[in-house]
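Descriptive structure summary
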Amino acid sequence: GQSLTGCHVLRYTALFRRIKGLLDSGEIGKIRSIYYSENLATHHYVHSYVRGNWGNSDRSSPFILAKSSHDLDMITWLAGASPRSVFSTGGRSRFTAESAPPRAPDRCSDGCPHASACPFEAERTYLSGLPMKEALSRAPGLLGLAGRLMYRRPGIARMIPGLRNHHYWGHWPTSTISDNRSPESIREALRTGPYGRCVYRSDNNQAEHLEAVIEFEGGINAAFRVHGLSCREGRSLRIDGDGGSIHARFGAGSEIIVETTSASRKIRFSRDYIGHGDADRSLMEGWYGILSDGPRTGNAAESLISHAMAFAAEQSRQSGRRIDVRFQG
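The following paragraphs examine the structure supplied in this document. (Residues numbered from 1 in each chain as written. Predicted model: local features only at pLDDT ≥ 70, side-chain atom pairs only at ≥ 80, totals over all residues. Heavy atoms only, no water.)

Here we come to empty space enclosed by the protein. The final tally for this structure, using the stated rule, is five cavities of 30 Å³ or more. Empty space within the largest cavity amounts to approximately 110 Å³. Forming the boundary of the largest cavity are 15 residues, of which Cys108, Cys112, Cys118, Cys198 and Val199 lie nearest the centre. Class assignment for the residues of the lining of the largest cavity results in eleven nonpolar, one polar and three charged. (1 Å grid on protein atoms, 1.4 Å probe; cavity = no way out; pocket = protein on both sides within 12 Å on 5 of 7 lines; lining within 4 Å. Points joined across faces, edges and corners; volume = space filled by probe spheres on them. Nonpolar A, V, L, I, M, F, W, Y, C, P; charged D, E, K, R; others polar.)

Our focus in this paragraph is the pairing of strand β2 (residues 83–91). Summarising the sheet, β2 and strand β3 (residues 209–216) pair through eight bridges and their orientation is antiparallel. Of the residues in β3, the one forming a bridge with Gly91 is His209. Summarising the sheet, β2 and strand β9 (residues 323–324) pair through two bridges and their orientation is antiparallel. The residue bridging Ser85 from the neighbouring strand is Asp324, located in β9. (Pairing = 2+ DSSP bridges. Helix = DSSP H or I, 4+ residues; strand = E, 2+ residues; numbered from the N terminus.)

We now examine the sheet that holds strand β1 (residues 31–41). Strand order in the open sheet formed by nine strands is β8-β7-β6-β5-β1-β4-β3-β2-β9, with mixed pairing between adjacent strands. Of all strands in the sheet, those bounded by a partner on one side alone are β8 (264–268) and β9. Strand direction decides the pairing type here: β1 and strand β4 (residues 221–230), joined by eight bridges, are parallel. Paired with Ser33 across the two strands is Asn221, which belongs to β4. Here helix α1 (residues 14–24) sits on the sheet in contact with β1, β5 (234–241), β6 (244–250), β7 (255–259) and β8, set at roughly 170° to β6. Packing of helix α3 (residues 63–79) onto the sheet brings it into contact with β1, β2, β3, β4 and β5, and relative to β1 it is tilted by some 155°. (Contact = heavy atoms within 4.5 Å. Axes fitted to C-alpha atoms, helices over the stretch in contact; angles between N-to-C directions.)

Given below as structure tokens:
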């Protein structure tokens, strides 16, 4: 037989699986409301949604679909109910031509007078990888120490064999702009390609922040927020039931706090600091199980629901109206 499954990777993370188990076991009673926030680091937003492939929704897709279909799927999965309507609001004001500093050229390589102070200067981002090194500096243990050396003491880091090769950054996001990651090739890509454009003078039109209120069957309401103006990556979550609450943080120190009228307990998780490699592995194991007639974690019809919600949220943001998303799968 044939199988079509959406790869909504958050369903395969240890943290969200644990939350789902707590909800299904009735740990906090019947769910009444959900608050869910996706906090996107600004350098990530700039790379993907200002300069990058999804910077303009006319040639790609709305920000909430491109970045948050996983999160809308997760909200629906945790709610255990079908969505009825979506109302959303949001906009952009930072990465616009009106916000450009005086005399800023179209490209960072065109002699910008603000290059030394601009956190989004292209070589700073793609050649030196400073935003990624700064993010690594907050990691625990040896990874954090390496990040701090590379970010704050690059001269010392360049003398250490294990760090020397990272003086010129070759990982994400640099890996997406050129197949050849030599300094000369990266500079050429920045001089000629989209990633060398001034962030205030690109053709981007995506929302920088968006808030959506989702009404589900059974009286559950969810508030979802996604924004690209955070100092660090991560997701935060609160679920309130009629018998308690669950608070959770995913990324940069993942944990769950379960509170009831009689007790409070904390569940910590080892963090997968960059990306979601642990969930990717579980996803592939799940896919193998499907091919072997094992249990399913999701299906294509459920994936369609999250996409319908995303399109409805964008339609609502632009029209100012609540959009009906009753889904007949």
